[in-house]
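Coordinate inspection notes
These are the residues of each chain, in order.
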Amino acid sequence: NLWRAAAALWRDAGKFRSDLASAALLSQVLTEERGRPIPLGDNRVLTYLDTGEPILVDSRSIDALNYILGWEIESHVMSVFLRTLKFDSVFIAVGANFGLFTIKAASHLRARGKIFAFEPNPLTNALLKQTVLANLIHNEPNVHISDHLVSHFDGDGTLHFSVSELGGASVHRTFEGGDSVKVKA
């Protein structure tokens, strides 16, 4: 099955940067399966925004439900957000999560503006990087992805999160049954 072959290749997103066969398979999957959520294993699902951009989500997180079901996300904010972006805007996503605003900004700005996406949660950061890859902007010089925590201090911080609510990670509150990870600030 085509999507199973692609799922095996997704395990290391960096391989796509130099592997033309992998990139060709990715392109084929994105074209043939467009619009249908594709389970990739390890709780990852490749799905699509209502405007067609691919995005990877973690099916364990409540944040993923709207994406998987194909519902509009942040529609009350998105039109205003896109109208405020100018051709040379600098967009900074703090807590970029799966990459919704990062991808929308990249689609709108393309190579003209600059995009900085910060996602310190290693689980979510990996999905963000795969989302950027799926949108074929991983080699764009104006798109920068960081695993650093944005804070008023330098050094290490502790990020608390729950896989059932990845968008709610915090340095201030802990989650019952959740995880914690040391991250660079």
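In case you missed it, the structure is sitting above this.
Residues numbered from 1 in each chain as written. Predicted model: local features only at pLDDT ≥ 70, side-chain atom pairs only at ≥ 80, totals over all residues. Heavy atoms only, no water.

Summing up its helical and strand segments, the chain has six helices and eight strands in all. When the elements of the chain are put in sequence order from the N terminus, they spell out α-α-β-β-β-α-α-β-α-β-α-β-β-β. Intrachain contacts of the chain at a sequence separation of at least 6 include 54% that bridge at least 24 residues. As displayed, the chain offers around 9800 Å² of accessible surface, 53% of which is attributable to carbon and sulfur atoms. (Helix = DSSP H or I, 4+ residues; strand = E, 2+ residues; numbered from the N terminus. Contact = heavy atoms within 4.5 Å. Areas by Shrake-Rupley, 256 points an atom, 1.4 Å probe, with all protein chains shown as cover.)

Right, let's get into the pairing of strand S2 (residues 44-48). Burial of S2 is extensive: five of the five residues sit out of reach of the surface. Here S2 shows two buried faces, one formed by Arg-44, Leu-46 and Tyr-48 and the other by Val-45 and Thr-47. Across three bridges, strand S1 (residues 38-41) lies against S2 in antiparallel orientation. Note on S2: the bridge partner recorded for Pro-39 is Val-45. Counting the residues in the hairpin turn of S1 and S2 gives two residues, including Asp-42, whose phi is positive at 50 degrees. Pairing geometry for S2 and strand S3 (residues 54-58), over five bridges, is antiparallel. By the bridge assignment, Leu-46 is partnered in S3 with Leu-56. (Buried < 20%, exposed > 50% of the residue type's maximum accessible area, 1.4 Å probe, protein only. Pairing = 2+ DSSP bridges.)

On the secondary structure map, Asp-58 appears in strand S3. By relative accessible area, which is 4% here, Asp-58 ends up buried. Not counting residues up to four positions away in its chain, the partners in contact with Asp-58 are Asn-43, Ala-64, Phe-98, Leu-127 and Leu-166.

Read from one edge of the open sheet, three strands run S1-S2-S3, paired in antiparallel fashion. Two strands close off the open sheet at either side, each with one partner strand: S1 and S3. Neighbour to neighbour, the strand axes of the sheet diverge by 30 degrees on average, direction disregarded. Helix H6 (residues 122-134) rests against S2 and S3 of the sheet, and its axis sits at about 160 degrees to S3. (Axes fitted to C-alpha atoms, helices over the stretch in contact; angles between N-to-C directions.)

So, about the packing of helix H4 (residues 75-84) against helix H5 (residues 100-109). At a minimum axis separation of 11 Å, H4 and H5 run at an interaxial angle of 40 degrees. With respect to the hand of their crossing, H4 and H5 are arranged in right-handed fashion. Residues Val-77, Met-78, Phe-81 and Leu-82 of H4 pack against Leu-100, Phe-101, Lys-104, Ala-105 and His-108 of H5. Of the residues contributing to the contact of H4 with H5, the split by class is seven nonpolar, one polar and one charged. (Left-handed = near helix turned anticlockwise from the far one by under 90°. Nonpolar A, V, L, I, M, F, W, Y, C, P; charged D, E, K, R; others polar.)

Attention now moves to the packing of aromatic side chains. The description of an aromatic ring pair uses the distance of the two centres, along with the angle that the planes make with each other. Throughout the structure, instances matching the rule amount to three aromatic pairs. When the ring of Phe-81 is compared with that of Phe-91, the centres are 5.1 Å apart and the planes differ by 65 degrees; the resulting orientation is edge-to-face. Taken as a pair, Phe-81 in helix H4 and Phe-91 in strand S4 (residues 90-94) lie far apart in primary sequence, 10 residues in all. Residue Phe-81 shares its accessibility class with Phe-91, and that shared class is buried. With centroids separated by 5.0 Å and ring planes inclined at 90 degrees, the aromatic side chains of Phe-81 and Phe-101 adopt a geometry described as edge-to-face. One end of the pair, Phe-81, is in helix H4; the other, Phe-101, is in helix H5, and 20 residues separate them in sequence. (Phe/Tyr/Trp six-rings, centres within 6.5 Å; stacked < 30°, edge-to-face > 60°.)

Right, let's get into the pattern of salt bridges. Summed over the entire model, instances satisfying the criterion amount to five salt bridges. The partner of Arg-44 in a salt bridge is Asp-42, with the nearest N and O atoms 3.9 Å apart. Since its relative accessible area comes to 11%, Arg-44 is described here as buried. Between Asp-58 and Arg-60 there is a salt bridge; the shortest N-O distance is 2.7 Å. (Salt bridge = Lys/Arg side-chain N within 4 Å of Asp/Glu carboxyl O.)

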